[in-house]
Amino acid sequence: MKEKKKEMSIVKKMLIALVGGLVVGIACLFLREYLVNSGNEGVWNVINMLLFQDITAEDGVNAVGILYIIGQIFMRGLQLAIVPLVLCSLSLAMCSISNSTKLGRIAAKTLIGFLCFYVCGAFFSNLIAYGVKSLGAFNVTLPSSEVAEASTIDAFNPLATIVNAVPSNITEAFSSNNSILAVVVVAIIIGLCLNGLGEKGDPLKKVLESGSEVIQVYLTFLINKVGPVAIFCLISRTFAIYGIEYLAPAAAYMVSAMVTLFLLVITIYPIGIWLTTRLNPFKFLKKIAKVGILGFSTNSSAACLPLNTRTCIEELGCSEEITSFVLPTGMTINMNGTTVMHMFAVTFIATAAGIDVTPANMVVMAFLSICAAAGTPAIPIAGTTMIFTVLSGMGWTTEACMIGYALVVAINRPVEMMLLPLNVIGDAATNVIVNAKEKELNKEIYDS
């Protein structure tokens, strides 16, 4: 009896798709240059019409655009999940907060701890991302038409985000990805109301749980089965049309984001523990390191929960009662690493698309990202999908922005892996702080 062949992992598939797309795209780039310079531009025009042409553009009426169609179906498929993903995940996260007096107090401290780490992560990542962008590392030369389109994006007062966050019509908020912040607000309201209703709200809660499972199955299928082919098409088309000038900025994005994530994980959490509890931060880092390594390997907060729980209770001296609340809540809403990644990714995409990202823009980006990250499910690549949420909230959804977004989706796996330690170690750090403030931390175990 033949042994069943082990299926190739999604990481290998995406890596092969990325490399294949680069090879084909760069080959087409050189082919284009050769044909144009040798006077055979008509041959390239035929190839472009068959494979790469945007069929929705004015000059694409008679085009086939095979690679364009496949890439767009994948991108639209990801965007299709944005609203239900945010609604279900964030509503359920708010439901997880208990109503009892003690856990209510613990919940308040937990949320404040997560929010403080969110703000610190967003501040320092914005600072570094703006510095990298100011050095010109994210600059890409795009066709003049795309730059003109990007430069016509209207300026807006960041305070208008507060008004627009509260929708006057719930169905209108759900009808567009551009109103995603309104969806976040609606999700929070639904979650808090369900929390207040208790058992009476169980039927709707079960519907949301089922909806969340359906979305996860859908995204898993889309990414695992369609993703590699789509990434090959997106990358091939990107380099064939716009050239290899994307390589250096993409590398700058990946390196700067990954270095920042590593620096933050070894600084903000130990410093936060020392400032709030005066405990030895080095003992925390030494004991929690294995959880971070597991997070890097699995790329899933959910997969780290058992080890994180055992480490917090047996090695860091946290109480089982508080840990059983803080860690599952953190797994759901504490996606600090996702926000850090968003700051770099959105700055890179917008800059590459010809948009001048200002410090005021970055403040709004951080606000949108924190709201979106809090509703990101603990599954691989969900954070990358949420980049579009921030882009939509900023109004940066031009064709040039979508090309940059497609490139980030394709190359973001290493960054996604690096951000997971920031998430799971952040859960543990907040757990230690809450336990210390509630005077339930066993300091003998912590210091052992």
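Residues numbered from 1 in each chain as written. Predicted model: local features only at pLDDT ≥ 70, side-chain atom pairs only at ≥ 80, totals over all residues. Heavy atoms only, no water.

Looking now at the side chain of Asn435. Among the secondary structure elements, Asn435 is positioned in helix H21 (residues 413–437). If near-sequence neighbours (up to four positions away) are discounted, Asn435 is found in contact with Cys318, Ser319, Ile322, Thr323, Glu440 and Leu441. (Helix = DSSP H or I, 4+ residues; strand = E, 2+ residues; numbered from the N terminus. Contact = heavy atoms within 4.5 Å.)

Before going further, it helps to spend a moment on empty space enclosed by the protein. Under the criterion given, the structure shown has 3 cavities of 30 Å³ or more. Estimated volume of the largest cavity: approximately 120 Å³. In terms of lining, the largest cavity is formed by Tyr68, Gly71, Gln72, Met75, Leu234, Arg237, Thr238, Glu399, Met402, Ile403 and Ala406. Counting only elements with at least two residues in the lining of the largest cavity, the list comes to helix H3 (66–80), helix H10 (202–242) and helix H20 (399–411). Looking at the lining of the largest cavity residue by residue, the class counts come to 6 nonpolar, 3 polar and 2 charged. (1 Å grid on protein atoms, 1.4 Å probe; cavity = no way out; pocket = protein on both sides within 12 Å on 5 of 7 lines; lining within 4 Å. Points joined across faces, edges and corners; volume = space filled by probe spheres on them. Nonpolar A, V, L, I, M, F, W, Y, C, P; charged D, E, K, R; others polar.)

So, on to the environment of Met75. You can see Met75 is positioned in helix H3. Ignoring sequence-local partners within four residues, the contact set of Met75 consists of Leu234, Met402, Tyr405 and Ala406.

Turning to the packing of aromatic side chains, a few remarks are in order. Inspection of the entire model under this criterion finds 5 aromatic pairs. Measuring from ring centre to ring centre gives 4.8 Å for Phe117 and Tyr269, while their planes differ by 80°; the resulting arrangement is edge-to-face. On the criterion of sequence distance, the pair formed by Phe117 in helix H5 (residues 101–134) and Tyr269 in helix H12 (residues 268–277) is long-range, its members being 152 residues apart. The burial state of Phe117 is the same as that of Tyr269; both residues are buried. Centroid distance Phe123 to Phe124: 5.2 Å. Interplanar angle 75°. Geometry classified as edge-to-face. (Phe/Tyr/Trp six-rings, centres within 6.5 Å; stacked < 30°, edge-to-face > 60°. Buried < 20%, exposed > 50% of the residue type's maximum accessible area, 1.4 Å probe, protein only.)

Its 16 residues place the ends of helix H17 (residues 359–374) 23 Å apart at the C-alpha level, agreeing with the 22 Å of an ideal helix rising 1.5 Å per residue. With 12 of 16 residues buried, H17 lies mostly within the body of the structure. (Expected span 1.5 Å × (residues − 1).)

Taken together, the side chains of Glu199, Asp202, Glu209 and Glu213 define an acidic patch exposed on the protein surface. For Asp202, the position within the fold is in helix H10. The partly exposed category is assigned to Asp202, whose relative accessible area is 31%. (Patch = residues over 30% accessible without salt bridge, like charges linked within 9 Å, V, L, I, M, F, W, Y side chains within 5 Å. Areas by Shrake-Rupley, 256 points an atom, 1.4 Å probe, with all protein chains shown as cover. Salt bridge = Lys/Arg side-chain N within 4 Å of Asp/Glu carboxyl O. Lys, Arg positive; Asp, Glu negative; His and termini not counted. Charge placed at Lys NZ, Arg CZ, Asp CG, Glu CD.)

Quick look at the nonpolar core now. Nonpolar side chains tend toward joint burial in soluble globular proteins. Tyr253, Phe284, Trp396 and Tyr405 are the most contacted members of the largest nonpolar core, which totals 119 residues. The biggest single contributor to this core is H21, with 12 residues. Counting 7 residues, the second largest nonpolar core, distinct from the first, contains Cys28, Leu35, Trp44 and Cys233. (Core = buried A, V, L, I, M, F, W, Y, C linked by side-chain atoms within 4.5 Å.)

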